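# Structural characterization, general
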Amino acid sequence: MKYLLVIAIVWVAFVIWRNGRRREVERAAPPPPPATPLPPQAMLRCAHCGLHLPASDALPGKDGKVYCSAAHRQADA
Ligand SMILES: [Zn+2]
C-alpha cells in the first residue's frame, strides 16, 4: 500500500511536469508573421461631386477627369 501511494505521487508529479512543459513549448512557438499591409492607393477626386475615391474605383472621363459613378460622368458631360 505504501508503494502504491509513492507511485501515485510520482505519477501526479509527472503529469504536472508534462503539462508545464507543453505550455512552455506553446509559449515558445514563434508568433505568426504580421500580415503585409496593402500598398497605398492613390485617391482621386470626382470632378462632379468632389468625392475622394481610390484610383481603382474611379471612372475615367474626358480631359483626364475622373468620376465616382457613371451618372456623375454623364451629368458632367
Ligand atoms: Zn461623384
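Each remark here, short or long, concerns the structure printed above.
Quick caveat: nothing in here was measured; it's all calculated off a predicted structure.

Time to look at the nonpolar core. One finds Cys-46, Leu-53, Ala-58, Val-66 and Tyr-67 forming the largest nonpolar core, which totals five residues. Each residue touching Val-66, except ones within four places of it in the same chain, is listed here: Leu-44, Arg-45, Cys-46, Ala-47, Ala-58, Leu-59, Pro-60 and Gly-61.

At 2.0 to 2.3 Å from the zinc ion lie its protein donor atoms, namely Cys-46 (SG), Cys-49 (SG), Cys-68 (SG) and His-72 (ND1). Of note is the zinc ion, whose four donor atoms meet at the metal with angles of 93 to 124 degrees in an arrangement that counts as tetrahedral. Positions of the donor residues of the zinc ion, expressed as sequence spacing, correspond to C-x2-C-x18-C-x3-H. Residue Cys-46 is found in the loop between strand S1 (43–45) and strand S2 (52–54), and its partner Cys-68 is found in the loop between strand S4 (66–67) and helix H2 (70–76); the two are separated by 22 residues along the sequence.

Taking 1.5 Å as the rise per residue, helix H1 (residues 2–28) with 27 residues should run 39 Å; its terminal C-alpha atoms sit 39 Å apart, in good agreement. Little of H1 sits inside the fold, with zero of its 27 residues counted as buried.

Our next topic: unusual backbone geometry. Even without being glycine, Asp-63 reaches a positive phi, approximately 55 degrees. Topologically, Asp-63 is positioned in the loop between strand S3 (59–60) and S4. What makes Asp-63 exposed here is its relative accessible area of 75%.

About the thresholds
- Residues numbered from 1 in each chain as written.
- Predicted model: local features only at pLDDT ≥ 70, side-chain atom pairs only at ≥ 80, totals over all residues.
- Heavy atoms only, no water.
- Core = buried A, V, L, I, M, F, W, Y, C linked by side-chain atoms within 4.5 Å.
- Buried < 20%, exposed > 50% of the residue type's maximum accessible area, 1.4 Å probe, protein only.
- Contact = heavy atoms within 4.5 Å.
- Donors = N, O, S within 2.8 Å, 3.2 Å for Na, K, Ca; no water.
- Tetrahedral: all angles 85-135°; square planar, octahedral: opposite > 155°, others 65-115°.
- Helix = DSSP H or I, 4+ residues; strand = E, 2+ residues; numbered from the N terminus.
- Expected span 1.5 Å × (residues − 1).

Keep in mind these values describe shape, not function.
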